[in-house]
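Listed here are the chains, written in short residue letters.
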Amino acid sequence: MEVPTRWCRGRKIPAIVLAILILALLFMFYSAPENFVGGGGNEYDRKTRLKDSSSTSEKIDAPIDAEIFNKIRDSQQQQHQYDEDEVQFMTQQAEIQRQRQQTLRYACEKLNVKTRNSNNDSVPHPKRFIVDERAKLVYCSIAKIASTNWRLLFEQLAGLVDVNKDENQKTINRALRTQLTFIKDLSPDKAYTLMGDSLTFMFARHPFSRVLSSYRNKLDPNTTFERAYHWQNSLGEYIIDLYRHNMRPRPRRKMKPSKRKNKNPDYDLTFSEFVRFLGDRDNKEDRFFYNIHWCEMNEACSPCNVRYDVIGKLETIENDAKYILKLAHLDGIVALSGPEKTSSPTFSFKNDTLEQYLKEVPAEYIWKLYRRYRSDFEMFGYELPPIAVQKIKELK
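Let us look at the structure shown here. (Residues numbered from 1 in each chain as written. Predicted model: local features only at pLDDT ≥ 70, side-chain atom pairs only at ≥ 80, totals over all residues. Heavy atoms only, no water.)

Things to note about the pairing of strand E3 (residues 129-132)
Item 1. A two-sided burial pattern is seen for E3, the buried positions comprising Phe-129 and Val-131 on one face and Ile-130 and Asp-132 on the other.
Item 2. Taken together, the 4 bridges between E3 and strand E4 (residues 137-140) define a ladder with antiparallel strand orientation. Counted as the bridge partner of Phe-129 is Cys-140 from E4.
Item 3. As paired strands, E3 and strand E5 (residues 181-182) are joined by 2 bridges and run antiparallel to one another. Opposite Val-131, over in E5, you have Thr-181 as the bridge partner. (Buried < 20%, exposed > 50% of the residue type's maximum accessible area, 1.4 Å probe, protein only. Helix = DSSP H or I, 4+ residues; strand = E, 2+ residues; numbered from the N terminus. Pairing = 2+ DSSP bridges.)

In structure tokens form, the structure reads like this:
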């Protein structure tokens with residue numbers, strides 16, 4: 001039997017050979033990191049990346065010298081042919097991102113979401129967007145969602161910290177305020193160009209878990225956070241006066257530092273009272289109501305107005321961070337630190353911990369809290385914990 005043939009530039013090539021060539025080309029295409037960006041985000045011009053060449057691929061654990069950074073970064077780009085396991089990982093992550101982007105777009109259309117600070121700017125909250133121009137990386141920071149860990153990574157990229165030293169959160173925050181670059185520091189034209197040329201990402205977290213983390217870190221009477229007195233003597237006692245003593249002090253436009261530098265031994269704010277405060281719309285005029293540690297994620301990063309290439313989640317941070325660093329060709333240069341680098345980690349993302357605290361919260365307060373964070377639930381695909389569902393059903 002004659003072997004089927006096809007014509008290519010005037011020469012006969014067996015069909016089986018042609019098929020093998022096509023499969024090889026497809027494998028090379030899907031091995032490139034830029035083809036694993038999920039959700040239809042911005043296109044990246046990899047040709048404008050760093051130009052130096054080197055075979056170096058070791059990881060840096062100290063402040064990053066510019067020349068070494070260039071060599072390793074370029075090496076990462078040249079060696080982006082993944083093995084079979086890595087191809088599978090990147091493909092799976094790209095599909096996860098596609099699903100998250102689809103969920104987000106549907107929620108944005110359904111809720112017709114507008115943030116409190118909506119405007120015509122390309123970046124609604126420029127103070128939240130940390131950038132590294134050299135690495136072409138843009139991150140929208142949200143408190144209580146591994147933000148300290150990501151800030152530390154940006155500080156490593158900028159050569160501001162040594163990961164071999166035990167940098168505490170106070171040191172990290174000081175560098176954040178004074179030395180990191182934000183979108184607000186750039187001209188409008190430069191910011192617009194950088195947003196289009198860079199890998200942009202944000203992280204989400206279960207809204208109730210984030211609220212619990214804020215309480216346990218700053219307002220729980222048993223917290224180990226060394227500066228908790230500042231929060232307890234101001235916000236904590238404010239909430240106690242509001243609901244236990246029927247006192248409604250004047251709404252404050254500014255969070256004033258507490259004059260007392262120690263904890264009140266009689267302080268005993270409960271999680272239920274904190275939840276009540278956050279779900280009470282009568283508190284909208286108070287500055288504490290929109291504090292960065294529990295303001296809506298939609299308000300913080302405006303995902304309906306800003307197109308993110310990657311939407312990570314705290315619950316899957318290990319894989320999401322790995323995916324981001326591979327896309328940015330940074331996986332051989334830096335790594336995301338663990339919770340030990342943060343101050344008093346609460347591990348409130350664990351489902352059993354959240355359920356335990358919600359048991360003590362009345363159904364009415366849970367419903368009002370959900371009503372406030374409903375857009376975050378729908379945009380990022382989160383569901384109410386079973387105990388919350390049960391309580392709300394009983395309420396109705």
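Regarding helix H7 (residues 207-219)
Item 1. The terminal C-alpha atoms of H7 lie 17 Å apart, and with 13 residues this matches the ideal 18 Å at 1.5 Å per residue to within 8%.
Item 2. Most of H7 is tucked away, with 12 of its 13 residues classed as buried.
Item 3. Against the buried residues of H7 lie helix H8 (228-244), helix H9 (271-279), helix H10 (297-301), helix H12 (351-358), helix H13 (363-379) and helix H14 (386-395). (Expected span 1.5 Å × (residues − 1). Contact = heavy atoms within 4.5 Å.)

Re the state of the cysteines
Item 1. Summed over all chains, the structure comprises 2 disulfides.
Item 2. The side chain of Cys-108 participates in a disulfide bridge whose partner is Cys-304; the two sulfur atoms lie 1.9 Å from each other. Between Cys-108 and Cys-304, the S-S torsion sits near -90 degrees, and that sign places the bridge as left-handed. In this pair, Cys-108 is assigned in helix H3 (residues 84-111) and Cys-304 in the loop between H10 and strand E7 (310-313), connecting sequence segments 196 residues apart. (Disulfide = S-S within 2.5 Å.)

Brief notes about the packing of aromatic side chains
Aromatic ring pairs are described here by two measures, namely the spacing of the ring centres and the angle between the planes.
Item 1. Throughout the structure, instances matching the rule amount to 19 aromatic pairs.
Item 2. Residues Phe-277 and Phe-289 carry aromatic rings whose centres are separated by 6.3 Å and whose planes lie at 75 degrees to one another, so their mutual orientation is edge-to-face. Residue Phe-277 is found in helix H9, and its partner Phe-289 is found in the loop between H9 and H10; the two are separated by 12 residues along the sequence.
Item 3. Overall, the relative accessible area of 3% leaves Phe-289 in the buried class.
Item 4. On the numbers, 5.9 Å between centres and 35 degrees between planes, the contact of Trp-367 with Tyr-370 is tilted. Here Tyr-370 and Trp-367 lie together in helix H13, a separation of 3 residues that amounts to about one turn.
Item 5. According to the relative accessible area criterion, Tyr-370 is buried, its value standing at 17%.
Item 6. One residue, Lys-313, lies across the ring of Tyr-382, its end atom 4.5 Å from the ring centre.
Item 7. One cation-aromatic arrangement involves Arg-372 over Phe-289; the distance from NZ or CZ to the ring centre is 4.0 Å. (Phe/Tyr/Trp six-rings, centres within 6.5 Å; stacked < 30°, edge-to-face > 60°. Lys NZ or Arg CZ within 6 Å of the ring centre and 35° of its normal.)

Focus: the pairing of strand E6 (residues 199-204)
Item 1. With respect to burial, E6 is a largely interior element, 6 of its 6 residues being buried.
Item 2. The alternating pattern of E6 places Leu-199, Phe-201 and Phe-203 on one face and Thr-200, Met-202 and Ala-204 on the opposite face, and all of these are buried.
Item 3. Across 4 bridges, E6 lies against E7 in parallel orientation. Within E7, the residue paired with Phe-203 across the bridge is Gly-312.

A few points about the packing of H13 against H14
Item 1. Two numbers describe how H13 lies on H14: the axes approach to 9 Å, and their chain directions differ by 110 degrees. On the basis of the axis angle, H13 is roughly perpendicular to H14. Along its contact with H13, which presents Ala-363, Glu-364, Ile-366 and Trp-367, the element H14 presents Ala-388, Lys-391, Ile-392 and Leu-395.
Item 2. Looking at the contact of H13 with H14, its residues break down into 6 nonpolar, no polar and 2 charged. (Axes fitted to C-alpha atoms, helices over the stretch in contact; angles between N-to-C directions. Parallel < 35°, antiparallel > 145°, perpendicular 65-115°, else oblique. Nonpolar A, V, L, I, M, F, W, Y, C, P; charged D, E, K, R; others polar.)

On their own, these measurements won't tell you what the molecule is for.
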